[in-house]
Amino acid sequence: MKEIYDWVPWFRELAEKIADNENQYLVGKCREALWKKGVRDSALLNHGDELIDPISFFCTLASKNTANNKKNCLSKCQICFSTG
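Quick caveat, the model's predicted, so the values are computed rather than measured.

Caption draft 1: Seen up close, a nonpolar patch on the surface. A surface patch of nonpolar side chains, amounting to about 350 Å² of accessible area, comprises Ile4, Tyr5 and Trp7. Within the element layout of this structure, Tyr5 appears in the segment before α1 (8–19).

Caption draft 2: Representation of the confidence of the model for the protein within the structure. Scored by pLDDT, the protein has a mean of 78; 83% of the residues are at 70 or more. Per-element confidence in the protein ranges from a low mean pLDDT of 77 for helix α4 (residues 67–81) to a high of 89 for α1.

Caption draft 3: Main features of the nonpolar core. Among the nonpolar cores identified, the biggest contains 15 residues, and Leu14, Leu26, Cys30, Ile52, Phe57, Cys77 and Phe81 are the most heavily contacted of them. Secondary-structure elements contributing two or more residues to this core are α1, α2 (23–32), α3 (54–63) and α4. The greatest single-element share of this core, amounting to four residues, is contributed by α4. Those residues in contact with Leu14 that lie beyond four places of it in its chain are Phe57, Phe58, Leu61, Phe81 and Thr83.

Caption draft 4: Region of the structure containing the packing of α1 against α3. Between α1 and α3, whose axes approach to 11 Å, the crossing angle comes to 150°. In terms of their interaxial angle, α1 and α3 are classed as roughly antiparallel. The hand of the α1/α3 crossing is right-handed. Side by side, α1 and α3 meet where Phe11, Leu14, Ala15 and Ile18 of the first sit next to Pro54, Phe57, Phe58 and Leu61 of the second. Of the residues that constitute the contact of α1 with α3, the class distribution is eight nonpolar, no polar and no charged.

Caption draft 5: Inspection of the packing of aromatic side chains at higher detail. A full pass over the atoms with the stated rule returns five aromatic pairs. Ring geometry for Tyr25 and Phe81: centres 6.0 Å apart, planes at 70°, overall edge-to-face. With Tyr25 in helix α2 and Phe81 in helix α4, this pair connects stretches of sequence that are 56 residues apart. By relative accessible area, Tyr25 is classed as partly exposed at 23%. Relative to Phe58, the ring of Phe57 lies with its centre 5.3 Å away and its plane at 70°, an arrangement referred to as edge-to-face. Taking relative accessible area as the criterion, Phe57 reaches 0% and is therefore assigned buried. Grouped by ring-pair contacts, the aromatic residues Trp10, Phe11, Tyr25, Phe57, Phe58 and Phe81 constitute a single cluster.

Basis of the calculations
- Residues numbered from 1 in each chain as written.
- Predicted model: local features only at pLDDT ≥ 70, side-chain atom pairs only at ≥ 80, totals over all residues.
- Heavy atoms only, no water.
- Patch = residues over 30% accessible without salt bridge, like charges linked within 9 Å, V, L, I, M, F, W, Y side chains within 5 Å.
- Areas by Shrake-Rupley, 256 points an atom, 1.4 Å probe, with all protein chains shown as cover.
- Salt bridge = Lys/Arg side-chain N within 4 Å of Asp/Glu carboxyl O.
- Helix = DSSP H or I, 4+ residues; strand = E, 2+ residues; numbered from the N terminus.
- pLDDT = per-residue confidence, 0-100.
- Core = buried A, V, L, I, M, F, W, Y, C linked by side-chain atoms within 4.5 Å.
- Buried < 20%, exposed > 50% of the residue type's maximum accessible area, 1.4 Å probe, protein only.
- Contact = heavy atoms within 4.5 Å.
- Axes fitted to C-alpha atoms, helices over the stretch in contact; angles between N-to-C directions.
- Parallel < 35°, antiparallel > 145°, perpendicular 65-115°, else oblique.
- Left-handed = near helix turned anticlockwise from the far one by under 90°.
- Nonpolar A, V, L, I, M, F, W, Y, C, P; charged D, E, K, R; others polar.
- Phe/Tyr/Trp six-rings, centres within 6.5 Å; stacked < 30°, edge-to-face > 60°.

In structure tokens form, the structure reads like this:
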């Protein structure tokens with residue numbers, strides 16, 4: 001059962017990186033991440049930089065709920081944010 005919480009340290013590290021930097025850091029990293037294969041865009045980025053905040057970012061990550069989509073998105077975020 002404990003393995004379902006294996007993701008906690010990675011998300012904690014990601015949250016700390018976001019918290020330790022200005023909001024423009026998060027905006028820039030969101031723009032670098034590939035949300036879908038070959039697409040550099042997501043609903044999060046369609047409404048202007050001022051609406052990108054940590055809660056919206058983590059909700060966007062949580063919405064990537066298919067096995068392939070989640071693995072691809074989290075892998076790209078790991079590279080982009082230099083985590084894990």
